[in-house]
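Tertiary structure, described
Listed below, chain by chain, are the residues.
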Amino acid sequence: MEISQLLKGVLDLAVLAVLREDDGYGYDVLRRLRVAGLEEVGDASVYGTLRRLYKAGLLTSYVVPSEEGPHRKYYSLNEPGRARLAESMKVWRGFASTMDTLLEAS
């Protein structure tokens, strides 16, 4: 099974989880996902997910000037985003529990 296929289904949840405690800009979110163990996640996937979650009203954004290059667009989790994260966590835990049960039975 390819990790990239699994990532497609859970990247929204992973990005929301990363932003739960601290705001972040695109590369920062990517770095945090990779440090957490999702080394296979692609740059374009993360940037696209951030844009999509923002357009869906689950994130807010603000720009911070940078002395080392272009300004950075930070994303933060808003209340609808926190609600989606809580809902998605519940769904994920149920799904993971079912898969664990199936795999243990094998």
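You'll find the structure just up there.
Being a predicted model, the structure only gives us computed values, none of them experimental. (Residues numbered from 1 in each chain as written. Predicted model: local features only at pLDDT ≥ 70, side-chain atom pairs only at ≥ 80, totals over all residues. Heavy atoms only, no water.)

Evaluated as defined, the whole model comprises four salt bridges. Between Asp-12 and Arg-52 there is a salt bridge; the shortest N-O distance is 2.9 Å. With Asp-12 in helix α1 (residues 3-18) and Arg-52 in helix α3 (residues 43-55), this residue pair connects regions lying 40 residues apart in the sequence. A residue is classified by how much of its surface remains accessible, and Asp-12, at 27% relative accessible area, is partly exposed. Arg-52 sits in the partly exposed class, given a relative accessible area of 42%. Taking the shortest distance from any N to any O, the salt bridge between Arg-34 and Asp-43 comes out at 3.1 Å. Of the residues examined, Arg-34 reaches a relative accessible area of 30% and is grouped as partly exposed. (Salt bridge = Lys/Arg side-chain N within 4 Å of Asp/Glu carboxyl O. Helix = DSSP H or I, 4+ residues; strand = E, 2+ residues; numbered from the N terminus. Buried < 20%, exposed > 50% of the residue type's maximum accessible area, 1.4 Å probe, protein only.)

Within this structure, the stated rule accounts for four aromatic pairs. Seen from their ring centres, Tyr-25 and Tyr-74 are 5.2 Å apart, and the 70 degrees between their planes marks the pair as edge-to-face. Within this pair, whereas Tyr-25 is found in strand β1 (residues 24-25), its partner Tyr-74 is found in strand β3 (residues 72-77), the two being separated by 49 residues in sequence. Ring geometry for Tyr-54 versus Tyr-75: centroids 6.3 Å apart, planes at 70 degrees, classification edge-to-face. Linking Tyr-54 in helix α3 with Tyr-75 in strand β3, this pair joins segments that are 21 residues apart in sequence. For Tyr-54, a relative accessible area of 36% gives the class partly exposed. Among the aromatic residues, those joined into a cluster by ring pairs are Tyr-25, Tyr-62 and Tyr-74. In this arrangement the basic side chain of Arg-72 is found over the ring face of Tyr-25, its NZ or CZ atom lying 4.4 Å from the centre. Positioned over the ring face of Tyr-54 is Lys-73, at 5.0 Å from the centre of the ring. (Phe/Tyr/Trp six-rings, centres within 6.5 Å; stacked < 30°, edge-to-face > 60°. Lys NZ or Arg CZ within 6 Å of the ring centre and 35° of its normal.)

Read these as geometric descriptors, not functional statements.
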